[in-house]
Amino acid sequence: MLACLQSIGVVTGKQFTKMAKRAMFNQFFQTVQIVIADEYPLVLMAVEQALEGRDNWQVVATATTEEDLSDKLQKTRCDVLVYGLHHDEGLTYASLPALEKLVYSYPNTKVIVLAQHTDPTIITRILAAGCGGFIDTSIGLAQLPYAIDEMRKGGRYVDPLTTKLLVQHMFVGSARQQLSGKELTPREKEVIRLFEKGMNVSEIACHTQRSVKTIHTQKQSAMRKLGVRNGNELIDAFKYIESN
């Protein structure tokens, strides 16, 4: 590129070096525009307080709904999005589609997710979707500035508690994969679909003309393969797999 610019008499070598340094300076020291999204106003306030004290950081917008957030992102340059995923039932697979669409639609925005009551399988999918960081809010927001710094450098950040959880899940998941090593069988899928409709184990056994023990075994096998801990997580995980 330097040779091209020099050939048409635009810049000298020293000028090009100065331009490169200026671009690098702007990248790291220009005002970082931050948008915060969370359905709870108290969380918005807590996040803003956690980000105070940085001269080149500016919270340019907040949003409490997906529609409001979409409108703000279309109108405002956003370098970092702090995205809260807080639900009474905890973090579920139902939380993912809107987040994945967001990351895809704004590839130049660094996204860090705040959540509580976390599930390692879902956190893994959040990071795989392209989010730059994850913080479990049960440990507070003190880690947030460090996370943003790391993402601005091109890295990723996961809080220490969640990192430990993911490492444990990795070893457990590896052991489960060695035990099962297969995708869901047609009968396991059938059991999940009937379970999703509201049937219990006894009703599914009667409907499929299998024993209660067989249905229970198939349900447990499906849970092991998907790495989930209860019936609600089983349904959420199966819905997510079926839609992708």
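The structure this text deals with has already been given above.
Residues numbered from 1 in each chain as written. Predicted model: local features only at pLDDT ≥ 70, side-chain atom pairs only at ≥ 80, totals over all residues. Heavy atoms only, no water.

S.K.: Describe in detail the packing of helix α9 (residues 186–196) against helix α11 (residues 212–226), supporting the description with residues and values.
M.R.: In contact at an axis separation of 9 Å, α9 and α11 are set at 95° when each is read in the N-to-C sense. On the basis of the axis angle, α9 is roughly perpendicular to α11. In contact with R187, E188, V191, I192 and F195 of α9, α11 contributes I215, Q218, K219, S221, A222 and K225. Taken together, the residues of the contact of α9 with α11 break down into five nonpolar, two polar and four charged. (Axes fitted to C-alpha atoms, helices over the stretch in contact; angles between N-to-C directions. Helix = DSSP H or I, 4+ residues; strand = E, 2+ residues; numbered from the N terminus. Parallel < 35°, antiparallel > 145°, perpendicular 65-115°, else oblique. Contact = heavy atoms within 4.5 Å. Nonpolar A, V, L, I, M, F, W, Y, C, P; charged D, E, K, R; others polar.)

S.K.: For unusual backbone geometry, give the residues involved together with the corresponding values.
M.R.: Glycine aside, residues mostly have negative phi, and peptide bonds are mostly found in the trans state. The residue Q209 is not glycine, and still its phi comes out positive at about 60°. By secondary structure assignment, the location of Q209 is in the loop between α10 (201–208) and α11. For Q209, a relative accessible area of 76% puts it in the exposed group. (Buried < 20%, exposed > 50% of the residue type's maximum accessible area, 1.4 Å probe, protein only.)

S.K.: Summarise the sheet that holds strand β1 (residues 32–37); cite the residues concerned and give the values.
M.R.: Taken in spatial order, the six strands of this open sheet run β2-β1-β3-β4-β5-β6, and their pairing is parallel. If you trace the sheet from one side to the other, it starts and ends with β2 (57–63) and β6 (157–158), each paired once. Here strand β5 (residues 133–136) runs beside β6; their pairing, made up of two bridges, is parallel. By the bridge assignment for β6, F134 is matched with V158. (Pairing = 2+ DSSP bridges.)

S.K.: Please set out the side chain of R210 residue by residue, giving values where relevant.
M.R.: Within the secondary structure, R210 is located in the loop between α10 and α11. By relative accessible area, which is 14% here, R210 ends up buried. A polar contact is formed between the side chain of R210 and the side chain of E190, at a distance of 2.3 Å. (Polar contact = N/O pair within 3.5 Å; in protein donor to acceptor, adjacent residues only side chain to side chain.)

S.K.: Quick one: what's the story with the packing of aromatic side chains, residue by residue and with numbers?
M.R.: Using the criterion set out here, one finds zero aromatic pairs in the structure. Positioned above the aromatic ring of W57 is the side chain of R54, whose terminal nitrogen or guanidinium carbon lies 4.3 Å from the ring centre. (Phe/Tyr/Trp six-rings, centres within 6.5 Å; stacked < 30°, edge-to-face > 60°. Lys NZ or Arg CZ within 6 Å of the ring centre and 35° of its normal.)

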